[in-house]
Amino acid sequence: MTPGMLTSAILLTLLWPVLLGSLLLYRPTLRLARRLLPLALVPALLLALLPLAGGRVELPGVLLDSALLLDGDRQHLLLLLGLLLSLAAATAPVSYEAHGRRRAFELLLLLFIGALLLLVLAADAVLLFSAGTLAGYALYGMLVCHPDAAGHPGTRVLVVMLVLADLVIFELLLMLAQLDVGMGFGALREAWPEESSRGTLLSLMLLGFGVKAGMVGVHYWLAPVWLHAGSALHLLLIAFVFSAGLLPWWLLLPADGINWPAAAAVLSPLALVLGLYAAVAGVLQSRRAAAPAYLIMVLGALWLAVVTLLLGQPALMARLGPLLPLLGAQSALALALFVLLPGAFGISNLLLVLLLVQRAAGESADVTGVLAAVALLFAGVLWRWQVAAQS
């Protein structure tokens, strides 16, 4: 494929949801657009499956001359995210027909899909921030399309937390801009600040992206939203948590790791405490339908534990770093399968992810091993609850 054709394919992947949204706006093309809606991710899946060498698309004049990037890792992310969002696009809109808000939901869904695709393909921090912000408010819009969730406190907490998270991430962008190397991920990963500024930078990342990942401590929106969103939005919540909350860590962490054992000594027990708390709180939930949200929190703590390993032992970055995006995306897909198919198939997918994490981390993974076991045991408890509810 020539560079020109690759550029066209990348742009088509992003513009296809926009075209479908335009068709939804006009009554003569409304029925056609709804038939095509389940195919909103087809260009993204084709882009992920084709044997491409990768490439870069410059966007002069757009968000401080941003760019799009496609490589092998991003193709894997597009494939897993495309499968997850395809399931949601095929099933979610129909449930809003009775409330008279189906068209608004479909438009917001296409906006959400486009934002997540843009987030995966972003080549710089400004585009990452813009896409994550757009996806967050599109998610909130889809939530309030349902009358049962529109006035629920969980949705109000979500929008407040999103505003706070975006303010924190914007401050993070200002700090990164002070490095004076541009806003591209390659340059930023090579130019991390000295240890005196790392604490502030990591704190902003932990708080800003932690909100969107639903990590314990800033998780107050996740369980209420999960409980009242209904099954139609569960897959979209999982996709948002992974794309806007976990993926930015991989994009911003230095390629050769950070030798910072002092931070690892603090974050390692913190990740363990957060994971154990989430598991215990999930088991003690009076409303068991919200328990899967706590499994998301356990997996978020596991992700933090893996990041902590890279802080304490940067030599692991060569082995573990390339696996981070794939493990995160596979975790999201495994969790979605567990929610959709709460049986041996869902458990086996989650077990595969946890074994991959443990194997990649090797002998250094004391905390990750404990959290992986906790996540699997908690998933087993949820499975038993679901089986009992069906019998």
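Residues numbered from 1 in each chain as written. Predicted model: local features only at pLDDT ≥ 70, side-chain atom pairs only at ≥ 80, totals over all residues. Heavy atoms only, no water.

A.B. asks: Could you give an account of the packing of helix α4 (residues 72-91) against helix α5 (residues 102-121), with specific residues and numbers?
C.D. replies: One way to put it is that α4 packs onto α5 with a least axis distance of 10 Å and a crossing angle of 170 degrees. For the element pair α4 / α5, the angle class is roughly antiparallel. When α4 is examined against α5, the residues Arg 74, Leu 77, Leu 78, Leu 81, Leu 85 and Ala 89 are found in contact with a partner set consisting of Leu 109, Phe 112, Ile 113, Leu 116, Leu 117, Val 120 and Leu 121. (Axes fitted to C-alpha atoms, helices over the stretch in contact; angles between N-to-C directions. Helix = DSSP H or I, 4+ residues; strand = E, 2+ residues; numbered from the N terminus. Parallel < 35°, antiparallel > 145°, perpendicular 65-115°, else oblique. Contact = heavy atoms within 4.5 Å.)

A.B. asks: I'd like a rundown of the packing of helix α6 (residues 125-144) against helix α8 (residues 153-177), residues and numbers included.
C.D. replies: The axes of two packed helices give the description: the angle between them and the distance between them. Taken N-terminus to C-terminus, the directions of α6 and α8 make an angle of 175 degrees; their axes are 11 Å apart at the nearest point. Taken together, the axes of α6 and α8 are roughly antiparallel relative to one another. On α8, the residues that touch Ala 125, Val 126, Phe 129, Thr 133, Gly 136, Tyr 137, Tyr 140 and Leu 143 of α6 are Thr 155, Leu 158, Val 159, Leu 162, Val 163, Asp 166, Ile 169, Phe 170, Leu 173 and Leu 176.

A.B. asks: Summarise the side chain of Ser 66; cite the residues concerned and give the values.
C.D. replies: Relative to the helices and strands, Ser 66 resides in strand β2 (residues 66-70). Only 3.3 Å separates the side chain of Ser 66 from the side chain of Asp 124, close enough to count as a polar contact. The residues contacting Ser 66, other than those within four sequence positions of it, are Glu 58, Leu 59, Asp 124, Val 126 and Leu 127. (Polar contact = N/O pair within 3.5 Å; in protein donor to acceptor, adjacent residues only side chain to side chain.)

A.B. asks: Which residues make up the nonpolar core, and what values go with them?
C.D. replies: Membership of the largest hydrophobic core comes to 135 residues, with the highest contact counts inside it found for Leu 68, Leu 85, Phe 112, Trp 221 and Leu 236. If one sorts the elements of this core by residue count, helix α14 (residues 291-312) sits on top with 17 residues. Once you skip the residues sitting within four places of it in the chain, Leu 236 turns out to touch Leu 85, Ala 88, Phe 105, Leu 109, Phe 112 and Met 142. (Core = buried A, V, L, I, M, F, W, Y, C linked by side-chain atoms within 4.5 Å. Buried < 20%, exposed > 50% of the residue type's maximum accessible area, 1.4 Å probe, protein only.)

A.B. asks: Tell me about the pairing of strand β1 (residues 55-59), residues and numbers included.
C.D. replies: Pairing of β1 with β2, which is carried by five bridges, proceeds in the antiparallel orientation. Counterpart to Val 57 in the pairing with β2 is Leu 68. A loop of six residues connects β1 with β2, the two strands running antiparallel in sequence, and Gly 61 in this loop sits at a positive phi of about 85 degrees. (Pairing = 2+ DSSP bridges.)

A.B. asks: Hey, could you go over unusual backbone geometry for me, with residue numbers and the actual values?
C.D. replies: We note that Asp 180 has phi near 60 degrees; this positive angle belongs to a residue other than glycine. The topology assignment puts Asp 180 in the loop between α8 and α9 (185-190). Among the residues examined, Asp 180 registers a relative accessible area of 68% and is labelled exposed.

A.B. asks: Give a description of the packing of aromatic side chains that names residues and reports values.
C.D. replies: A full pass over the atoms with the stated rule returns one aromatic pair. Aromatic side chains Phe 129 and Phe 170 sit 6.1 Å apart centroid to centroid with 45 degrees between the ring planes, which places their arrangement in the tilted category. Here Phe 129, found in helix α6, pairs with Phe 170, found in helix α8; they are 41 residues apart in sequence, far enough to count as distant. Residue class for Phe 170 comes out partly exposed when judged on its relative accessible area of 43%. (Phe/Tyr/Trp six-rings, centres within 6.5 Å; stacked < 30°, edge-to-face > 60°.)

A.B. asks: Requested: an account of the pattern of salt bridges, with residues and values cited.
C.D. replies: Oppositely charged side chains may form a pair once their charged atoms are brought near each other. Applying the stated criterion to the full structure yields five salt bridges. Across the pair Glu 106 and Arg 102 runs a salt bridge whose closest N-O atoms are separated by 2.8 Å. Here Arg 102 and Glu 106 lie together in helix α5, a separation of four residues that amounts to about one turn. Salt bridges sharing partners connect three or more residues here, namely Arg 34, Arg 102 and Glu 106. (Salt bridge = Lys/Arg side-chain N within 4 Å of Asp/Glu carboxyl O.)

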